[in-house]
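Below, each chain spelled out in residue letters.
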Amino acid sequence: MKIKIITVGKLKEKYLKEGMAEYQKRLSRFAKLELIEVKDEKTPENASLAENQQIIATEGKRIEDKIGPRDYLVILAIEGQQLPSEQFSKQLGQAMLAGHGTLTFVIGGSLGLTPAIKKRADLLLSFGKLTLPHQLMRLVLIEQIYRAFMIQAGSPYHK
Ligand SMILES: C[S@@+](CC[C@H](N)C(=O)[O-])C[C@H]1O[C@@H](n2cnc3c(N)ncnc32)[C@H](O)[C@@H]1O
């Protein structure tokens with residue numbers, strides 16, 4: 001089983017790097033993890049709507065190039081479906097049973113993602129209506145992926 005997490009830009013904060021390293025280590029007993037950082041575009045201070053759309057289209061193209069045709073695709077978006085952790089775990093389990101060898105997760109950059117890429121999702125997943133910074137979102141997501149595997153393993157980690 002392979003897990004791919006596709007994100008935009010380099011992770012900067014030390015505390016987030018440390019958190020990611022911890023959960024990478026924990027997840028390694030369940031899956032091979034690949035963290036992919038695509039290049040982000042510079043966002044000018046007073047960018048127009050058209051400029052912003054161009055930025056997310058360019059970043060979106062870089063993301064799409066990293067998605068495999070057989071990947072089970074989970075895209076994170078505020079307006080997506082909100083699931084209890086047990087249900088999230090079950091959906092990932094079902095995707096694996098259906099023969100998807102790779103579970104791919106996508107987090108947008110600071111301006112988000114295009115509607116076109118969101119349409120490709122097998123699961124458009126929301127972590128609630130609050131906007132989380134995209135770099136922090138990585139840590140929240142990897143913890144929930146780890147939790148999903150621990151639920152499948154029947155571990156008391158998830159109470
Ligand atoms: C700073 S947010 C982008 C905000 C942008 N205005 C939007 O509405 O998408 C960057 C990325 O983090 C992820 N994200 C942030 N908050 C989220 C939430 N509550 N649920 C799911 N994904 C979230 C999404 O992938 C989003 O594209």
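Residues numbered from 1 in each chain as written. Predicted model: local features only at pLDDT ≥ 70, side-chain atom pairs only at ≥ 80, totals over all residues. Heavy atoms only, no water.

*Asks:* Which residues make up the packing of aromatic side chains, and what values do they have?
*Replies:* Where two aromatic rings form a pair, the distance of their centres and the angle of their planes describe that pair. Under the criterion given, the structure shown has 5 aromatic pairs. Plain terms: the ring middles of Y146 and Y157 are 5.0 Å apart, the flat faces sit at 75 degrees to each other, and that makes the pair edge-to-face. You can see Y146 sitting in helix 5 (residues 134–152) and its partner Y157 sitting in the segment after helix 5, a full 11 residues away along the chain. Of the residues examined, Y157 reaches a relative accessible area of 26% and is grouped as partly exposed. Taken together, the ring pairs connect Y23, F30, Y146, F149 and Y157 into an aromatic cluster. (Phe/Tyr/Trp six-rings, centres within 6.5 Å; stacked < 30°, edge-to-face > 60°. Helix = DSSP H or I, 4+ residues; strand = E, 2+ residues; numbered from the N terminus. Buried < 20%, exposed > 50% of the residue type's maximum accessible area, 1.4 Å probe, protein only.)

*Asks:* Can you lay out helix 2 (residues 49–64) for me, pointing to particular residues and giving the numbers?
*Replies:* Spacing of three or four residues puts side chains on the same side of an α-helix, whose turn is 3.6 residues. In this model, helix 2 (16 residues) spans 22 Å end to end at C-alpha, consistent with the 22 Å of a helix rising 1.5 Å per residue. Those residues of helix 2 not exposed but buried are I55, I56, E59, G60 and I63. Along the axis of helix 2, the buried positions cluster into a sector of 130 degrees, meaning they face one direction only. Helix 2 presents A50 and Q54 as exposed residues on the side facing more than 90 degrees away from its buried surface. (Expected span 1.5 Å × (residues − 1). Arc of directions from axis to C-beta.)

*Asks:* Can you break down the packing of helix 3 (residues 85–97) against helix 5 residue by residue, with the values?
*Replies:* The angle between the axes and the distance between the axes are what describe a pair of packed helices. Interaxial distance between helix 3 and helix 5 falls to 9 Å at its minimum, and their mutual angle equals 80 degrees. Classified by the angle their axes make, helix 3 and helix 5 are roughly perpendicular. Between helix 3 and helix 5, the contacting residues are S85, E86, F88, S89, L92, G93 and M96 on the first element and Q144, I145, R147, A148, F149, I151 and Q152 on the second. The class makeup of the residues in the contact of helix 3 with helix 5 is 7 nonpolar, 5 polar and 2 charged. (Axes fitted to C-alpha atoms, helices over the stretch in contact; angles between N-to-C directions. Parallel < 35°, antiparallel > 145°, perpendicular 65-115°, else oblique. Contact = heavy atoms within 4.5 Å. Nonpolar A, V, L, I, M, F, W, Y, C, P; charged D, E, K, R; others polar.)

*Asks:* Account for the site of the ligand, naming residues and giving values.
*Replies:* Around the ligand, the structure places 18 residues, and the nearest of them are L76, F127, G128, L130 and L132. A distance of 3.0 Å is found between an oxygen atom of the ligand and a backbone nitrogen or oxygen belonging to G108. For the ligand, a nitrogen atom lies 3.0 Å from a polar atom in the backbone of L132. Protein coverage of the free-state accessible area of the ligand, which is 560 Å², stands at 83%. (Near = heavy atom within 4 Å. Polar contact = N/O pair within 3.5 Å; in protein donor to acceptor, adjacent residues only side chain to side chain. Areas by Shrake-Rupley, 256 points an atom, 1.4 Å probe, with all protein chains shown as cover.)

*Asks:* Any chance you could break down the nonpolar core for me, citing the residues and the numbers?
*Replies:* Side chains of a nonpolar character, in soluble globular proteins, are inclined to be buried together. Within the largest apolar cluster, 28 residues are counted, with the highest numbers of intra-cluster contacts made by I3, V74, L92, F105 and I145. Residue assignment for this core shows that the elements contributing at least two residues are strand 1 (2–8), helix 1 (14–27), strand 3 (72–82), helix 3, strand 4 (102–106), strand 5 (123–126) and helix 5. Residue contributions to this core peak at 9 residues, all from helix 5. Leaving out residues up to four positions away in the same chain, F105 has contacts with I3, K4, I5, I6, V74, F88, L92, L141 and I145. Within the second largest apolar cluster, 12 residues are counted, among which are I6, V8, V38 and I67. (Core = buried A, V, L, I, M, F, W, Y, C linked by side-chain atoms within 4.5 Å.)

*Asks:* Quick rundown of the sheet that holds strand 2 (residues 32–38)? Include the residues and the values.
*Replies:* By definition, the strands of a sheet pair up through backbone hydrogen bonds, in either a parallel or an antiparallel sense. With respect to topology, 5 strands assemble into an open sheet ordered 2-1-4-3-5, the strand pairing being parallel. Taken across any chain shown, the strands that pair with only one partner, and hence form the sheet edges, are strand 2 and strand 5. Averaged over all pairs of adjacent strands, the angle between strand axes in this sheet comes to 30 degrees, irrespective of strand direction. Sheet topology places strand 3 next to strand 5; 5 bridges connect them, and they run parallel. Looking across to strand 5, one finds that Q81 is bridged to L125. (Pairing = 2+ DSSP bridges.)

*Asks:* Tell me about the environment of M1, residues and numbers included.
*Replies:* For M1, the position within the fold is in the segment before strand 1. Spatially, the C-alpha atom of M1 lies 6.4 Å from that of K32, the residues being 31 residues apart in sequence.

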